Structure formats: C-alpha cells, structure tokens
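One letter stands for each residue in the lines below.
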Amino acid sequence: MKAYFFKRLIAMFITLWLIITGTFFLMHSVPGSPFNEERTTNEAIQKNLEAYYQLDKPLIVQYGNYLKALVKFDLGPSIKKSSQTVNDMLGRGFPVSFELGMYTLIVALISGLILGVVAALRHNGIIDYLAMSIAVLGISIPNFVMATVLIQQLAVNLPIFPVATWSSPQHMVLPILALATGPMAIIARLTRTSMLEVLTQDYIKTAKAKGLSPVKIVFKHALRNALLPVVTVLGSLAASILTGTFVIEKIFAIPGMGKYFVDSINNRDYPVIMGTTVFYSAILIFMLLLVDIAYGVLDPRIKLHKKEAK
Amino acid sequence: MKKLTVLLVAVMMMFALAACTANKDAGSEKKDDGKGKSEEKKVEKVLNLNNGQEPTSFDPPIGFDAVSWNSLNNLMEGLTRLDETHQPKEATAEKWDVSADGKTYTFHIRDNAKWSNGDDVTADDFVFAWKRLLDPNTSSPAAFLAYFIEGGEAYNTGAGSADDVKVKAVDKKTFEVTLISPQAYFLSVISNPCFFPINEKVAKENPKWFAEANTFVANGPYKLAEWNHDSDFTMVKNDKYWDTKNVKIDKVHWAMVDDPTTEYQMYTTGELDTSDVPSEMAEKLFKDGDVKVEDQAGEYFYRFNVTKAPFQNENIRKAFALAVDQKQMVELVTKNQEKPAYGFVSYGFKDPEGNDFREKSGDLIKTDVAKAKELLKKGMEEEKYTKLPEVTLTYSTSDQHKKIAEALQQMFKENLGVDVKLANMESSVFATDQKALKFQFSRSSFLADYADPINFLENFITGSPMNRTGWSNKEFDQLIKDAKLEKDEKKRYEMMYKAEKILLDAAPIVPIHFYNQVYLQNKNVTGIVRHPVGYLELKGADKK
C-alpha cells in the first residue's frame, strides 16, 4: 500500500509538472499582452512594466524563475491588480468557492441519489418518469438560466431571498440551488441506470430469497455496488465545482475564484492564468486519488495494489 | 453495512434540518433587515452603489480606470475638484496665482486640509505624489497626463531626473508648478485622481498603504472603512475633510456585481440605489422614461488603414464614410440615445465666445449617398481599379460591436454596392493588431482623458500610439503643436477648429456616435454628478 501511494505521488507530481509546462508555453504563445488596451501607454512606460514583471526576459528564463518560485508556493503578483498577489487572490477566493461547492455537492448528491434510487425501484412507474423528467430538465437547463429564473421568481417577484452577493445563509440558497441542479441530474441518472443493472443480478434475488427487508437489500447490497459509477464522476465534478464556477459566481456576485479562470485569460494576466491552472490541476489530481481510494472501500474486489498482491 | 445506512440517514436528516433552519432564518432575518433599514434611515444615510468589480488599485497613479477612480475620486481630493457644471473649483487648494506668462501656478493649500489620520495635507505631499506619478519605476499608465509639467516627460521616459521636474514646495502649504506651455485646461486636468496628493509619511512607512482599508489614508469627503476584496467595500463620511459639513451621506456601500441583469434586479428590489441599463431591458426602460442620460466625452468610430489598399485613396475613404448613416445607427441599431457623430470632438467644450466646439465646427462628414457613390467612382478611376479590392471590416468580439459592424456592412452594400467581409477577434489580440496596422478597416473608440478638444485631436498626430491609421499630415501636426503652446484661447480654438477640419477632410476615420452614460437611479437620491470627463462625484449626494 505504501509503495502504491509513493508511486501515485510521483505520478501526480509529473502530471502537474507537465500541465505547468504545457500551460506556460501555450499561454505565452497566444498573441496579445497584459498591457494591450484600447488606451495606449507610451513605450517607455510599457518597457518599465515589462521589466517589472520580468516579461522582457527570454521565455525559458521566465519559466525557470516561475518553477523556482512555485516550489516555495509563491505564485507571483497579479499583473492587472498590481497590489495583490495570486496567493492572496486564491487564498480569498477559494474558501468562498469551496463553501459554495461543498453545499452544492451535498445537495446534489443527496437529492440525486434519492431520485435515482426511487426511480430505479419504481422502474417504468409514474415516479420513475417524474424523477427522470426532473433529471432531464436539470441536465438540459443551463445553470445560468436556472440562476436567472430563480432570482426573478424567488427574489424579485416573491422577495423571499436576496438577489445576490454573499454575506448570510439566505444569500447562499439560490446559488446553491442553481448550481446543484446539473450535478443532481447527472447523479440521479447514473444512480438509476446502475441500480437497475444491479437489481437484476442474482445476488439480489438471493438476498430477497433469504427474506431480507427491502431497505436492507437496497442500501446494503444494491446501492453500494451501484455507487461505483457515481463515485467515478464525482471526482472531476467535485474538482470543478469546488474551484468555483464563473457564470454562477458572476450572476450572484459571489467573491469566489471562478472569475479568475476567465478574466485572467482575457487580460493575459500570466501569473493568474498559471496560478489558477496549477491550483485546479492539483485539486483535480487529488480528487482522482480520492476516487481511487473510495473504489477500494466500496468494493473490496478492487485492489489498489494489484501488482504487489500478485 | 448497517453503519452505512445509519450514516446516510443521518446525513439526510442533517441536511433536512439545515434546510429548515436556513429557511426559517431567511424569513425572520429578512423582516429584521427591513425594520433595521427604516430605523437606520432616520439616523444614517446610506448610499448603496455598485462598483462592478474589485478596484484595480487605490494607488492613485496606478488604477487608471473607472472601477478604481469612481470610488477613489470620493476618498481623496486633488488641488481642484470638478463642480456640478464640470468646471474645476478650489478644493485642497483654497486659491492659486498664475504667472504672467501663464506657465507657473502657485497653489495655496487650505490650512484645514487634513488627512484622515489627522496629518496636515502639505505641499510636500503633492511634490511626492506628482514625482512618484512621473517616476519611471512607478510605471503609471497615467503618467503622460503630467507631461504638461516641465521636466515631466524627460523624467518619465528616462531621459531626465526627478530633480528636473518643476514641482516644488515653497513652504508647508504653498505648492508651485511650472508647465512647458500655458494650458487653459490645466486646472481641470489636475482634478484627475492621478494628481491626488499622497501622505508621504504614511507611504514611506508602508508602501502598500492603499491596499487595505485599515491602512488607507484619505483626504476626500469620505474615508475607507471596510474593504472585503472581490466582495464589497464601505466608505464613511470623513470628519477630517475640510468641507465635511457639506457632505450629507454618512455611508456609501459599494457592492461588486459584475452581471448587468443581476445589478438591475438588485436595483428593482432596492438593494442598490443606481444601476446601469441592461441591454435586453433598454427599450422598455427608455419607453417608461426611467432612464437618465448624460453626455460622456468620447466617440465610437472606425479607423481606416491608409497604408492598405483601397484606403490609401482619400476619395474611396470618403465614399465609405459618407455611406454611413449615423442617425440610423443610433436610432435603429444601438438604441441607447447616443448622439450621432459627424465630427471627432464631442459635445460639451465651450470656446471663449461661448460656442460649443461641436456645434460651431458643424457636421464635417455627413451621410450623403449620392456623393458617396460619385466619390467611389472617382477614387476607383484615380487608382485605375476595375474592381474594388476586397475590404474586410474587423471588430473586437462583443455583441454590441457585432451589431454595429453588421449594420455598417448593410449600409455599404445598400449605399455603395460594396460587399464588405466581417471578421472579429478577441479584444487583446485585436488591440495588438490594430496598433501594428494589420487591419484595413476596424472598430475603435476613444474616451477623453482630460476636458479639452486638444485631447481628441492630438491622437492623430504623426507617430502617436493612438493614431493607428497610418495617416500623417504636416499641417495638422503643426496646428496641434502650436495649439498646445498658444496662450490666447481664441487663437487656440481657431487652430483646433482648423485641425479638426483637416482631419475629417482627409477622413482616416469614420465617426459613428458619441458616448453617453445611461443609468437608473433611486428617486430619493440626489446630487450624484457624472462628469463627461472625470469620475463619479458623491460629495454633494443626498438621500431622502
């Protein structure tokens, strides 16, 4: 097990390094510069700015400097918001996005599982159709449409919740709902499909024959196996939801880190592009590791260290 | 496996409970909120505004944009401040003397001009701030505004030193500055945030004093009380401000809502006191008469590239320019009540006789389809074209630009019988390529940095980074140069009238429309001033 983790860790670092290198050179090969705006600054000032952010050095030197700083977890200054560092920005934005993402995941997971399980148990019944229509709606309505509808109905027409911003629990309700519908629908459909498959298996019949209660059959025998595909998607889903979503955060004016992903590219704010990419990749890689571990827990037949076992 | 079941049930119950309590909270606190607000109103006047985004920087010479300076303009104050009629008035300086040659200004700073930490605002604070603005190491994008000062340009471009910049503190409260030439608009330029003083003592102790609310020292009508980065910030009345008795608002809360629809929805629920007009709602809101419209000194226009065929030919350029119907453009396409533009300098600048520059200069290039056709024919003969080289119109990707580009395409087809191709690209790439003269015909805009027609016209002198047309005219260059040195206002305006005529006669540009500021505002709020050139003014704001 230890050897397995060690191997995984090394692989993770290599992956991360490849992503960093790829992003770094790709981003510099895109035309445009952080100082190109409609309004022009004179050449002397532009040169000063470039020198300040070391953009006048050869690319390979910049790359080396970036890696050196990164080892010390220094992601550098933002070019557009010169009084802030990328560490500051992520340090402030991530907790907010994480909070929103965590609640969203909980809501999506619980409601998705319930919908999926119920639909599978009442296969081809009215409840199944109802649950699946909810799921189809959830998948096909983009979250920004959902967000706008929720705001218009539950904040403007019926003033139950505040329209936007992020300062109290009731401010969180609408963004969580808007953000959770998509993942909920995905989870519901996956759960239903794999539950249906599991429920037709022989060991379920055996369990029924043994006289186990339906609740026990569903939770102990069926759901556990049916969860595997859900866990698989959950890894990448969690990584993207926890690191913030540009559209929802923009609509609800949530101070998360979602906007940095998009704004940094539009502004050619190189350190921020790198910072967000590195951060997101690290979280994604970590989530995938968690998923692999979860497989082992859910299904003892899956061995994480197969090779060693042989 | 029982454990798993129990766990699942427990989580579900927890969630159900949490949801219930959240809902209950939502109901009761909302009520409290409403009550709190009505009680507050009697004691405290709170203005709820939207800044859109996190300010780029509150360091005066750095945050060269509306998201930084609209608020900074109310936290700090320069020697002058623009009044409701957009004229510079005494602010930190209570009076000034101008030398006979019009080049040296001596400002007398108020005795009661104080920083929010109690320090005096001194002449040294201005010397420090202005030299810092010009310091090449500050890399201020606004530094060019201080090139009027003798020695300023040389220092900023690395050719001179800080000591050669002609700004000095005569004594603690007397500040003297020498300009390269008499500038009628100098007093208006220095109301700009990049000319704000900086508390030298504070800045030396903490070079990042502007980055957080607790270290920020203000000298304006308000001071910074709280700043949650990327979320919101709050300004409160500054009791150390020299004119604090005329500041009626106690607190200004700035949200950072970047989505125009959300902003509008917050305005409708009363969470914000002003809002922009979201484009999809514009028609209805204009019809309802809720929208306020104010001029903004700037223009939306198109640039020809005179180094690329077929636009090296003046007649072909003019043919295209005359084929554009600006009136139709603002009435049917942009629908934002902009004024159509038939010249380059915008409305709002008065010459010494009191005439508006735009009105007196008149319509220099106005839609005339018959003449456009004739000029196109003439131009093609001059260039010996049997067929017009293919023309591509390029714009930076955005819905608004696209609408206008498509309308132009239609107008060229209908009025000239020319098929123009459209191309668009992301704005950062677009800007680089436009500067490098890679386009034939491309979308442009200009917003004035200071309130004088010369600011518009100087863009098109040979070699200016804002020229971007390849157009060059010796007479025009000379007129701009002379106008900048001219002390007699009447003569100066004559030169500028002439220069604008030369520019539009050669037509390296096609004016489309002047910019305006459209917004919605709570009927209880008064006294917020939006200058055509300048930043939001809240000093005289009030709320019933």
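Residues numbered from 1 in each chain as written. Chains lettered and ligands numbered in written order. Predicted model: local features only at pLDDT ≥ 70, side-chain atom pairs only at ≥ 80, totals over all residues. Heavy atoms only, no water.

**Here's the deal with the overall build of chain A**
A count of helical and extended segments in chain A gives 13 helices and zero strands. Starting at the N terminus and ending at the C terminus, chain A contains elements arranged as α-α-α-α-α-α-α-α-α-α-α-α-α. Across its three principal axes, chain A shows a C-alpha extent of roughly 85 × 65 × 30 Å. The buried share of chain A, taken over its 310 residues, is 47%. Contacts spanning at least 24 positions in sequence make up 74% of the contacts within chain A whose residues lie at least 6 apart. Of the accessible surface of chain A, which amounts to about 15,100 Å², a share of 70% is contributed by carbon and sulfur atoms. Positive and negative side-chain charges of chain A, numbering 28 and 17 respectively, have mean locations separated by a distance of 13 Å. (Helix = DSSP H or I, 4+ residues; strand = E, 2+ residues; numbered from the N terminus. Buried < 20%, exposed > 50% of the residue type's maximum accessible area, 1.4 Å probe, protein only. Contact = heavy atoms within 4.5 Å. Areas by Shrake-Rupley, 256 points an atom, 1.4 Å probe, with all protein chains shown as cover. Lys, Arg positive; Asp, Glu negative; His and termini not counted. Charge placed at Lys NZ, Arg CZ, Asp CG, Glu CD.)

**Structural notes on the overall build of chain B**
Across its full length, chain B holds 17 helices and 18 strands. Its C-alpha radius of gyration of 27 Å places chain B within 12% of the 24 Å reference for a compact globule of 544 residues. Considering only C-alpha atoms, chain B reaches an extent of 85 × 75 × 50 Å along its principal axes. By residue count, 55% of the 544 residues in chain B fall in the buried class. The contacts in chain B between residues at least 6 apart in sequence include a share of 68% that link residues at least 24 apart. Surface summary for chain B: the accessible area is close to 23,200 Å², and the carbon and sulfur share equals 51%. For chain B, the centre of its 73 positive side-chain charges and the centre of its 86 negative side-chain charges are spaced 2 Å apart. (Rg over C-alpha atoms; globule rule 2.2 N^0.38 Å.)

**Focus: the nonpolar core**
If you look at the biggest cluster of nonpolar residues, it comprises 144 residues, and the most contacted ones within it are W130, F175, Y302, F320 and L538 of chain B. With nine residues, the top contributor of residues to this core is helix 17 (residues 489–506) of chain B. Each of domain 1 (48–254 + 522–543) and domain 2 (293–518) of chain B gives at least three residues to this core. Not counting residues up to four positions away in its chain, the partners in contact with W130 of chain B are L79, I149, V167, F175, V177, F186, I190 and F195 of chain B. Counting residues in each nonpolar core, the second largest holds 87 residues, with F94, A135, L179 and V198 of chain A among its members. (Core = buried A, V, L, I, M, F, W, Y, C linked by side-chain atoms within 4.5 Å. Domains from an automatic or database assignment.)

**Some thoughts on the UniProt feature "transmembrane region" (unreviewed entry) in chain A**
This chain's UniProt record puts "transmembrane region" (unreviewed entry) on residues 9–27, 100–122, 129–152, 172–191, 226–248 and 278–298 of chain A. Along residues 278–298 of chain A the backbone is 100% helical and 0% strand, and the end-to-end C-alpha distance reaches 30 Å. (UniProt positions renumbered as here; feature names shortened; annotations may be inferred.)

**Re helix 17 of chain B**
All names here are of chain B. When the terminal C-alpha atoms of helix 17 are compared, their 26 Å separation across 18 residues agrees well with the 26 Å that a helix rising 1.5 Å per residue should span. Taken residue by residue, helix 17 has R492, Y493, M495, M496, Y497, A499, E500, I502, L503, L504 and A506 as its buried positions. In this fold, the buried residues of helix 17 make contact with helix 9 (314–322), helix 11 (357–361), helix 15 (453–457), helix 16 (474–485) and strand 16 (509–521). In this structure D488 caps helix 17, since a side-chain oxygen of it lies 2.9 Å from the backbone nitrogen of K490. (Expected span 1.5 Å × (residues − 1). Polar contact = N/O pair within 3.5 Å; in protein donor to acceptor, adjacent residues only side chain to side chain.)

**Things to note about the pairing of strand 4 (residues 93–98) of chain B**
A regular strand places its side chains so that they alternate between the two faces of the sheet. Residue and element names in this part refer to chain B. As paired elements, strand 4 and strand 5 (residues 104–109) share five bridges and run antiparallel to each other. From the neighbouring strand, D97 faces strand 5, where its bridge partner is T106. From the end of strand 4 to the start of strand 5, which pair antiparallel, there are five residues, and G102 there has a positive phi angle of about 75°. (Pairing = 2+ DSSP bridges.)

**Thoughts on the packing of aromatic side chains**
Considering all chains together, one arrives at 55 aromatic pairs over all chains under this definition. Ring centres of F261 of chain A and Y280 of chain A lie 6.0 Å apart, and the angle between their planes is 85°; on these two criteria the pair is classed as edge-to-face. Here Y280 of chain A lies in helix 12 (residues 270–298) and F261 of chain A lies in helix 11 (residues 258–267), a separation of 19 residues in the sequence. Residue class for Y280 of chain A comes out partly exposed when judged on its relative accessible area of 26%. Of the aromatic side chains, those joined through ring pairs into one cluster are W96, Y105, F107, F126, W130, F175, F186 and F195 of chain B. Positioned above the aromatic ring of W242 of chain B is the side chain of R110 of chain B, whose terminal nitrogen or guanidinium carbon lies 3.5 Å from the ring centre. (Phe/Tyr/Trp six-rings, centres within 6.5 Å; stacked < 30°, edge-to-face > 60°. Lys NZ or Arg CZ within 6 Å of the ring centre and 35° of its normal.)

**Examining the sheet that holds strand 12 (residues 292–304) of chain B**
Residue and element names in this part refer to chain B. Within the open sheet, the six strands sit side by side as 11-16-12-15-13-14. Their pairing is mixed. Edge positions in the sheet fall to strand 11 (274–276) and strand 14 (420–425), since each has one partner strand and no second. Within this sheet the neighbouring strands show an average axis-to-axis angle of 30°, counted without direction. Looking at chain direction, strand 12 and strand 15 (residues 441–447) are connected through seven bridges and run antiparallel. Each residue of the ladder has a partner; that of Y302, found in strand 15, is R443. Sheet contacts for helix 7 (residues 260–268): strand 11 and strand 16; angle to strand 11, the most-contacted strand, approximately 150°. (Axes fitted to C-alpha atoms, helices over the stretch in contact; angles between N-to-C directions.)

**Comments concerning the interface of chain B and chain A**
Contacts between the two partners involve 56 residues from chain B and, on the opposite side, 51 residues from chain A. When the two sides are added together, the surface that chain B and chain A hide from each other amounts to roughly 4,600 Å², 57% of it contributed by carbon and sulfur. Remark: the boundary between chain B and chain A carries three salt bridges. Between R268 of chain A and E426 of chain B there is a salt bridge, with the nearest N and O atoms lying 2.5 Å from each other. Seen at the junction of chain B and chain A, the total is seven residue pairs in polar contact (both at pLDDT 80 or more). (Buried area = accessible area lost by both parts, 1.4 Å probe. Salt bridge = Lys/Arg side-chain N within 4 Å of Asp/Glu carboxyl O.)

**Considering the sheet that holds strand 5 of chain B**
Residue and element names in this part refer to chain B. Strand order in the open sheet made by the four strands is 4-5-7-6, with antiparallel pairing throughout. With partners counted over all chains shown, the strands left at the sheet margins are strand 4 and strand 6 (167–171), one partner each. Averaged over all pairs of adjacent strands, the angle between strand axes in this sheet comes to 25°, irrespective of strand direction. With five bridges connecting them, strand 5 and strand 7 (residues 174–178) associate as antiparallel partners. What sits directly across from H108, in strand 7, is T174. Each of strand 5, strand 6 and strand 7 is contacted by helix 3 (residues 123–134), which is oriented at about 170° to strand 6, the strand it contacts most.

**Observations concerning the pairing of strand 9 (residues 232–237) of chain B**
Residues and elements named next belong to chain B. Summarising the sheet, strand 8 (residues 222–228) and strand 9 pair through six bridges and their orientation is antiparallel. In the strand pairing of strand 9, L224 is matched with M235. Hairpin remark: strand 8 followed by strand 9, antiparallel, with three residues in the connecting loop; positive phi at D230, about 65°. One ladder, built from five bridges, connects strand 9 with strand 10 (residues 251–255); its direction is antiparallel. Looking across to strand 10, one finds that M235 is bridged to V252.

**Brief notes about the domain arrangement of chain B**
Residue and element names in this part refer to chain B. In terms of domains, chain B is made up of domain 1 (48–254 + 522–543) and domain 2 (293–518). Centre-to-centre separation of domain 1 and domain 2, based on C-alpha positions: 33 Å. With 19 residues of domain 1 at the contact, the number on the domain 2 side is 18 residues. Here domain 1 and domain 2 share an interface that buries about 1,400 Å² over both sides, 61% of which is from carbon and sulfur atoms. Inspection of the region where domain 1 meets domain 2 yields zero salt bridges. The interface formed by domain 1 and domain 2 holds four residue pairs in polar contact (both at pLDDT 80 or more) in total. When the residues that make up the side of domain 1 that touches domain 2 are grouped by side-chain class, the tally is eleven nonpolar, six polar and two charged. (Nonpolar A, V, L, I, M, F, W, Y, C, P; charged D, E, K, R; others polar.)

**Focus on the side chain of K173 of chain B**
All names here are of chain B. As for its placement among the helices and strands, K173 is situated in the loop between strand 6 and strand 7. When its relative accessible area of 12% is taken as the criterion, K173 is described as buried. Among the polar contacts made by the side chain of K173, one reaches the main-chain carbonyl oxygen of V121 at a distance of 2.8 Å. Sequence-distant contacts of K173, defined by excluding residues within four places in its chain, comprise F107, H108, I109, R110, D111, A113, D120, V121 and A123.

**Overview of a nonpolar patch on the surface**
A cluster of nonpolar side chains, namely F6, L9, I10, F13, I14, W17 and L18 of chain A, defines an oily patch on the protein surface of about 760 Å² accessible area. Among the secondary structure elements, I14 of chain A is positioned in helix 1 (residues 2–29). (Patch = residues over 30% accessible without salt bridge, like charges linked within 9 Å, V, L, I, M, F, W, Y side chains within 5 Å.)

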